[in-house]
Each structure stands twice: as C-alpha cells, then as structure tokens.
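These are the residues of each chain, in order.
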Amino acid sequence: MNTGASRKLSLALALLAAFVAGVFFVTSSGALLDGRLFGSAEAQQAPVVRGDVSQGIETATELSDAFAAVAEAVNPAVVSISSTQLVQQPAMGNPFQGTPFEQFFGGGGDLDGQEGHAIPRTGLGSGAIIRPDGYIVTNNHVVENADELMVHFFDGTELPGEVVGTDPFADLAVVKVNAERLPYLGFGDADGLRVGQWVIAVGSPLQQSLSNTVTAGIISALGRQQSNRLENFIQTDASINPGNSGGPLVNLRGQLIGINTAIATRTGGFQGIGFAIPVDIVENVVDQLINTGAVERGFLGVSFGPISQSLARALSVPVGSAQIASVERGSAADEAGLEAGDIIVSVSGTPLATSNDLLTTVASRRPGDKLKIAYVRDEDRRTTTVTLGAKVADEQAQGRPSRQPGAEHAGRSFEALGLELADLTAQAGQQYGYEDGIEGVLVLDVARSSEAFRDANIREGDLIVNLDGEPVRSLRDFERVYGRIGEGETFLLTLQRGGQDGRQLYRTALTK
C-alpha cells in the first residue's frame, strides 16, 4: 500500500473512531431528555415541559368557574326593556289650496279628512330586578317619553311595565311589573370598589336577540365625570354597547355595584371605555323613587370648580379640593358663612378626592342633613357646619365667553409669567361678560407653555382683582405690587371669571 493510500485509510479510521467515541460520549455522559436519547423518535413525539403548571391551571379554572357561577346567578335577575313612543305626525295639507282646483278637492285639511297619524318609535334597554315583588332599576333615558314598556325576562316571559318614578339628574328610573317571587340582585358596597377589580356587565347590546349578554373586564377608573349631572362614574373596560343601558355591573359575588349608563366612543360602539352609576347613588335614588315617586336632594347653594396645582402647592391642600366660585344668597352655604374664594378640602371628615366629590356628597344627602365642612380662606384653616336646603338641580359655575375676533386691547407682556395683561375697559368688560363698575386687570393672552397655563389654570378673559393680598384695580397697581415680589417667591392671585354672576371668583398661585 503506497503512502498516499495509507494516509487516506488512516484518516478514514480516525474519523470513524471519532464518530463512535462521540456517540458513546453523548450516551454515557447523560445527554438525555428525561431518560431518553436527545433526538430519538420517542423524545420528538413526547416533549416534556419542565416545571409544574398544574397549580396555574387550577387557579385559572377556578376563576373561570367563578365567572360562570356569577353569570348563572345574575342572568335571571336581568331583563330587557323595549319602549314604544308614539310620535304624532302633522296632517298633510291640501296641495291644491289657493288654486282653481281647490273646489274639486275640498278645503284646506288633510286629503282624507283625517288628522296626522302617530308613528311608533321603538327603543331597547336593559334593567336589573332589585326586589322580588317586581321593582326594576334602569336608566331614565331608557324609559323617557315612552308610551308603552314591555319587560322581557330571562325565561322568555314578557310583562308590561309601569314607570314608578324617574330621576333625570342621576339618569335613573324605577319600573314595576305585576309579579311576585322574582330573582333579584342585592346591593354591593361602593366603598370597597378598587381599580383593577374584576367586574361583569350584563344586558342586551344592540338588539333583542342578544339579550342577557355577559361581558367581563375590570374597573379601570373611579370617580369619572362626563357632564353636569350627578355623576361619580365607575369606568370599566367590560364591553358595553347601545342597549346595555340600565343593565347591571356586578362584582364576582354577584352583587350590584353599578348601573351601566354610557360609553366613550368615536364610532357609536364599544371602544374599551364604559361608565356605570355607582351603587350608593343607585340605592339612594331607588329607595326614594319607590317610597315617594320622587327624589329630594340636599342643596348647598354654591357653584364651584377644581383648584390649580400651583394653588394646591402654595396652600398645602389636596389637589382634589373644590374652590367656591359663587354663593347663592340665603342658601345653606351663605347661612354657614361660606364665601366665594373659599377652598373646601373635606366634608364630614372625608377629604375630597376630586372637586366633583362635593357635588356627589351633597346630592346624596337630603334636605335638613348636617355636614361639617373644612375649608381654607386666605391661608387660614376653618370649619363650619351647614344644614342642607332643598333644590332639584345643582348650580354649576358659569363658563367664560370666548374672545371676539378682531377685538384688540392694548396690553403689556409679562414674559416671565407667560401673561399679557391690560386695563379693563368698558368695551373689554362687555366683550368678556363683566358687569359695569368692576375693576381689575384683564388677561389678554396666556402662553400655553407657561406655569400660568399649565398649573395655575389662568385663561384668556380672566380678571385679576387681587395680587399677593392687595386689591389691583389697574395695570399700574399690578406692576407696583408685582415689582416688590422677590425672585423665586410664590404669590397668590384672585381672579374673577366672566359670566352672569359677578361674584365668580377663582384663586391660584404663581412663582416669580
């Protein structure tokens, strides 16, 4: 055998030996998957997932079972409500009236001699049975102006419904059917609600054939406000669509914690944000509607709004405090000594999380109830006790009129503050809604990047009437007081906001 052939044979033998040794090493070194050779047919057919997942599966199954149990328990107490409104159509006049053909086709009335006819307009909503003797809670807008109501039950039964009472302010209504021993929902605890808590919505979205649809989600926020009604909404991502209105929002114990009432949407359908009226408001309204057919609410007699972040820092008060803009003469607030500019920080020992809590708290009480109010006036902490009066609707702060195009006023720019200010002239006062004889410094413009806009909430059209504790009647007064404030110092401002009420005041703070 020649040298070249010998070398090739030696190389082949070496490769064979290496292959055999490699297989032996893999086998003997324990390169196995749960006792099987890696790459074997057995291993490929039955891969093993490392770690014990049985506990997680059991937890998920238990949660699934909980949802199913709640749905089974709640569904029989949820109804669909179809409403019919008869809309009267105007009579059609004689098209030949006033023409030579009028004598052939009668006078000027309807051609067939009849008045206009009524066209039925139908609607669909949901409701929750709250008493075994046939009382059902729903939204006011579900039954509003309805001439006929039909209640459809989970078992297929249909019964006519009668409106017991409505409360447009809270968008709630109570409907009664003639039935006994009905399944019903118990009330949950509003104080125990938490963001992130699992909830279930039940109702009839979109159409009757989808009745008793169950959707799940979490509470995504609390204390939401959507308009100038009595609202302290629960926000949820459980699917809510038109037709769900009036249906219940329940917790995993099957207890009623809210009545679904609205959605935030750009399309008209569900987009992940729905709102429910919390159970404490529901229970209070329902009890009054069943017992008396109407709702009485306590009335404080103030218009108010939120405070700016800068003022909250300057006075060391919670940012959720409510600032009084005006006080109605002779009202409960007036008799208790409250004034425009006072900042309410708590009611009966409970701090305000948002300024809207003041409205919700007062409106949930009845005339004659007493409330202890803690407030701040001119940096002084004070308390007073108010005895609530009675009024149907709440008072809201008046909005400021917008600036008229082309109306210009000579002003001075304070760049460090981001403000353009001017003396208040008769023309400007009329333009921004201020009464004759009012003096102050008019805010012509506010830089959007400034502290005045972002934190102090100062806006065009505001009238500065007090600076650092001194009245300012003119731009010269403002410059004089402002000039003596040191760099970096925080100072208070009192502003007046245009509107029908000349006593609308707003306090805030800035840093020079």
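This structure is a prediction, so every number in the text was calculated from the model and none was measured.

A. Summary view of the overall build of the protein chain. When its secondary structure is counted, the protein chain shows eleven helices and 30 strands. Across the 512 residues that make up the protein chain, the buried fraction comes to 42%. Sequence-distant contacts in the protein chain: of pairs separated by 6 or more residues, those separated by 24 or more amount to 62%. Put simply, the protein chain shows about 26600 Å² of open surface, and 51% of that area lies on carbon and sulfur atoms.

B. Spotlight on the side chain of Ser326. Position of Ser326 among the secondary structure elements: in strand β18 (residues 322–327). Relative accessible area serves as the criterion here: at 6%, Ser326 is assigned to the buried category. A polar contact of 2.5 Å, which involves the side chain of Ser326, links it to the side chain of Ser303.

C. Quick look at the nonpolar core. The biggest cluster of nonpolar side chains holds 27 residues, and the ones touching the most others in it are Val74, Ile130, Val137, Leu172, Leu185, Val282 and Val286. When residues of this core are traced back to their parent elements, those giving at least two are α3 (54–74), β4 (118–131), β5 (135–138), β9 (172–176), β10 (198–203), β14 (256–263), β15 (274–278) and α5 (279–292). When residues of this core are assigned to their parent elements, the largest contribution, six residues, is made by α5. When neighbours within four sequence positions are excluded, Val282 is seen to be in contact with Val137, Leu172, Phe187, Leu256, Ile259 and Ile277. Counting residues in hydrophobic clusters, the runner-up holds 24 residues, among them Phe414, Leu421, Phe453 and Val481.

D. Main features of the sheet that holds β14. Taken in spatial order, the six strands close into a barrel running β10-β11-β12-β15-β14-β13, and their pairing is antiparallel. For this sheet the average axis-to-axis angle between neighbouring strands, irrespective of direction, equals 45°. As paired elements, β10 and strand β13 (residues 248–250) share two bridges and run antiparallel to each other. Residue Ala201 lies in a different strand from β13, and its bridge partner there is Leu249. Each of β14 and β15 is contacted by α5, which is oriented at about 50° to β15, the strand it contacts most.

E. Spatial organisation of unusual backbone geometry. Its identity is not glycine, yet Ser316 carries a phi of approximately 55°, on the positive side. Secondary-structure assignment places Ser316 in the loop between α6 (309–315) and β18.

F. Expanded view of the pairing of strand β6 (residues 148–152). Relative to strand β7 (residues 158–160), β6 runs antiparallel, the two sharing three bridges. Paired with His152 across the bridge in β7 is Glu158. Turn length for the β6-β7 hairpin, with the two strands adjacent in sequence and antiparallel, is five residues, and the turn residue Gly156 shows positive phi of about 95°.

G. Spatial organisation of the confidence of the model for the protein chain. Scored by pLDDT, the protein chain has a mean of 78; 75% of the residues are at 70 or more. Scored below 50 in pLDDT, residues 107–113 makes 13 contacts in the model with residues more than four places away or belonging to other chains. Confidence drops under pLDDT 50 across residues 392–408; counting only partners more than four residues distant or on other chains, this segment forms 37 contacts.

H. Looking closely at helix α8 (residues 356–363). Most of α8 sits out of view: seven of its eight residues are buried. Where the residues of α8 are buried, they touch α5, β16 (298–299), β17 (302–306), β18, β19 (343–347) and β21 (370–377).

I. The arrangement of the side chain of Gln323 in detail. By the secondary structure assignment, Gln323 is in strand β18. Apart from the residues within four sequence positions on either side, Gln323 is in contact with Ser303, Phe304, Gly305, Pro306, Ile307, Leu311, Gly341, Asp342, Ile343, Leu505, Tyr506 and Arg507.

J. A look at the pairing of β9. Burial analysis of β9 places four of its five residues in the buried class, which makes it a mostly covered element. Note: β5 against β9, four bridges, orientation antiparallel. Each bridged residue has a counterpart across the sheet, and for Tyr135 the counterpart in β9 is Lys176. Between the antiparallel neighbours strand β8 (residues 162–167) and β9 lie four residues, among them Asp171 with a positive phi of about 55°.

K. How the structure looks around α5. If you check α5, its first and last C-alpha atoms are 20 Å apart, about what 14 residues at 1.5 Å a residue would give, namely 20 Å. Within α5 the residues assigned to the buried category are Val279, Ile281, Val282, Asn284, Val285, Val286, Gln288, Leu289 and Ile290. Of the residues trailing α5, Gly293 is marked for its positive phi of about 80°.

L. Quick look at the environment of Gly389. With respect to the helices and strands, the residue Gly389 is situated in strand β23 (residues 389–390). Considered as a pair, Gly389 and Ala333 are 56 residues apart in the sequence and their alpha carbons are 9.2 Å apart.

M. Quick peek at the packing of aromatic side chains. All chains considered together, the criterion is met by six aromatic pairs. Considering the side-chain rings of Phe414 and Phe478, the 5.1 Å spacing of their centres and the 75° angle between planes classify their relative orientation as edge-to-face. Placement of the pair is Phe414 in strand β24 (residues 412–414) and Phe478 in helix α11 (residues 475–483), with a sequence separation of 64 residues. In terms of burial, Phe414 and Phe478 fall into one category: buried. Ring geometry for Phe414 against Tyr482: centres 5.7 Å apart, planes inclined by 90°, an arrangement best described as edge-to-face. Here Phe414 is found in strand β24, whereas its partner Tyr482 is found in helix α11, with 68 residues between them in sequence. As far as the burial class goes, Phe414 and Tyr482 line up, both buried. Put simply, the rings of Phe414, Phe478, Tyr482 and Phe491 pair up and form one aromatic cluster. Its guanidinium or amino end placed over the ring of Tyr135, Lys176 lies 5.4 Å from that ring's centre, counting from NZ or CZ. Directly above the aromatic system of Phe453 lies the positively charged group of Arg459, at a separation of 3.7 Å from the ring centroid.

N. Focus on a negative patch on the surface. On the surface, a cluster of negative charge is made up of Asp189, Asp191, Asp280, Glu283 and Asp287. For Asp191, a relative accessible area of 75% puts it in the exposed group.

Rules of the game
Residues numbered from 1 in each chain as written. Predicted model: local features only at pLDDT ≥ 70, side-chain atom pairs only at ≥ 80, totals over all residues. Heavy atoms only, no water. Helix = DSSP H or I, 4+ residues; strand = E, 2+ residues; numbered from the N terminus. Buried < 20%, exposed > 50% of the residue type's maximum accessible area, 1.4 Å probe, protein only. Contact = heavy atoms within 4.5 Å. Areas by Shrake-Rupley, 256 points an atom, 1.4 Å probe, with all protein chains shown as cover. Polar contact = N/O pair within 3.5 Å; in protein donor to acceptor, adjacent residues only side chain to side chain. Core = buried A, V, L, I, M, F, W, Y, C linked by side-chain atoms within 4.5 Å. Pairing = 2+ DSSP bridges. Axes fitted to C-alpha atoms, helices over the stretch in contact; angles between N-to-C directions. pLDDT = per-residue confidence, 0-100. Expected span 1.5 Å × (residues − 1). Phe/Tyr/Trp six-rings, centres within 6.5 Å; stacked < 30°, edge-to-face > 60°. Lys NZ or Arg CZ within 6 Å of the ring centre and 35° of its normal. Patch = residues over 30% accessible without salt bridge, like charges linked within 9 Å, V, L, I, M, F, W, Y side chains within 5 Å. Salt bridge = Lys/Arg side-chain N within 4 Å of Asp/Glu carboxyl O. Lys, Arg positive; Asp, Glu negative; His and termini not counted. Charge placed at Lys NZ, Arg CZ, Asp CG, Glu CD.

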